[in-house]
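Each chain is listed here by its residues.
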Amino acid sequence: MKLVGDLNKMRTEKGLQPLSPDPGLSAVARARAEDMSRKSYFSHQPPDGCDFRCLLNKQGVPMAWAGEIISWNNAPLDKTVPMSIGMWRNSPAHYGIITNCQFTRMGIGAAIAPDGRIYHVALFEGNSPGCPPQ
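Rules used throughout
- Residues numbered from 1 in each chain as written.
- Predicted model: local features only at pLDDT ≥ 70, side-chain atom pairs only at ≥ 80, totals over all residues.
- Heavy atoms only, no water.
- Helix = DSSP H or I, 4+ residues; strand = E, 2+ residues; numbered from the N terminus.
- Buried < 20%, exposed > 50% of the residue type's maximum accessible area, 1.4 Å probe, protein only.
- Contact = heavy atoms within 4.5 Å.
- Areas by Shrake-Rupley, 256 points an atom, 1.4 Å probe, with all protein chains shown as cover.
- Lys, Arg positive; Asp, Glu negative; His and termini not counted.
- Charge placed at Lys NZ, Arg CZ, Asp CG, Glu CD.
- Core = buried A, V, L, I, M, F, W, Y, C linked by side-chain atoms within 4.5 Å.
- Axes fitted to C-alpha atoms, helices over the stretch in contact; angles between N-to-C directions.
- Parallel < 35°, antiparallel > 145°, perpendicular 65-115°, else oblique.
- Left-handed = near helix turned anticlockwise from the far one by under 90°.
- Nonpolar A, V, L, I, M, F, W, Y, C, P; charged D, E, K, R; others polar.
- Salt bridge = Lys/Arg side-chain N within 4 Å of Asp/Glu carboxyl O.
- Expected span 1.5 Å × (residues − 1).

Glancing now at the overall build of the protein chain. On a plain count of helices and strands, the protein chain comes out with 5 helices and 4 strands. Ordered by position from the N terminus, the helices and strands of the protein chain form the series α-β-α-α-β-α-α-β-β. If you line up the protein chain on its principal axes, its C-alpha atoms span 45 × 30 × 25 Å. Counting all 134 residues of the protein chain, 48% fall into the buried class. Across the protein chain, contacts joining residues at least 24 apart in sequence account for 71% of those joining residues at least 6 apart. About 6800 Å² of surface is accessible on the protein chain, with carbon and sulfur atoms providing 56% of the total. For the protein chain, the distance from the average site of its 14 positive side-chain charges to the average site of its 11 negative ones is 3 Å.

By size, the foremost hydrophobic cluster in this structure holds 16 residues, and its most contacted members are Met-36, Leu-56, Val-121 and Leu-123. Every element with two or more residues in this core is listed here: α2 (23-39), α3 (52-59), β2 (65-73) and β4 (118-126). Residues Leu-19, Ile-69, Trp-88 and Phe-103 belong to the second largest nonpolar core, which totals 15 residues.

This brings us to the packing of α2 against α3. For the pair α2 and α3, interaxial distance at closest approach is 10 Å and the crossing angle is 130°. Here α2 lies oblique to α3, going by the angle between them. The chirality of how α2 crosses α3 is right-handed. Only Phe-52, Leu-55, Leu-56 and Gln-59 of α3 make contact with α2, whose side of the interface consists of Leu-25, Val-28 and Arg-32. Considering only residue class, the contact of α2 with α3 consists of 5 nonpolar, 1 polar and 1 charged.

Checked against the element boundaries, Asp-51 lands in the loop between α2 and α3. This buried residue, Asp-51, is left without a salt bridge; Arg-53 holds the nearest opposite charge, at 4.2 Å. Those residues within four positions of Asp-51 in sequence are excluded, and the remaining contacts are His-44, Gln-45 and Pro-46.

So, about the pattern of salt bridges. Applying the stated criterion to the full structure yields 10 salt bridges. Note that Arg-89 and Glu-13 form a salt bridge whose closest N and O atoms lie 3.0 Å from each other. Of this pair, Arg-89 sits in helix α4 (residues 77-89) while Glu-13 sits in helix α1 (residues 2-13), placing them 76 residues apart in sequence. Taking the shortest distance from any N to any O, the salt bridge between Glu-68 and Arg-32 comes out at 2.7 Å. Of this pair, Glu-68 sits in strand β2 while Arg-32 is found in helix α2, placing the two residues 36 residues apart along the sequence. In this pair, the class of Glu-68 matches that of Arg-32, namely buried.

So, about α2. With 17 residues, α2 extends 24 Å from end C-alpha to end C-alpha; this agrees with the ideal 24 Å at 1.5 Å per step. All buried positions along α2 are accounted for by Leu-25, Ser-26, Val-28, Ala-29, Arg-32, Ala-33, Asp-35, Met-36 and Ser-37.

So this is what it looks like as structure tokens:
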């Protein structure tokens, strides 16, 4: 998927190892994107209070270091991923999560809301040996 490749490109440009796609993380990322699209909100804190860490725990997905980045846009389908990537690349906080040396795995999810908004969620997890604690 293009989102995985583009996120890994940002990491390799900084001299970091690419992240391995993880099905458990992807399932939670999809659930987060679908929840935002169904309930018309955009936040790391969902209305029910069960954020990505809560969902990872409920699904039995192990985590050490973990992070989440989210975006939404209503661009045409062929432009939606580049738009999200551009926003994340130009945001120091988001870029810092993407390029955190602790992370070794990632999961991504997307959903289209009834109003046409496209939500992207990327989850990151890991505890990379040799990476200085942050």
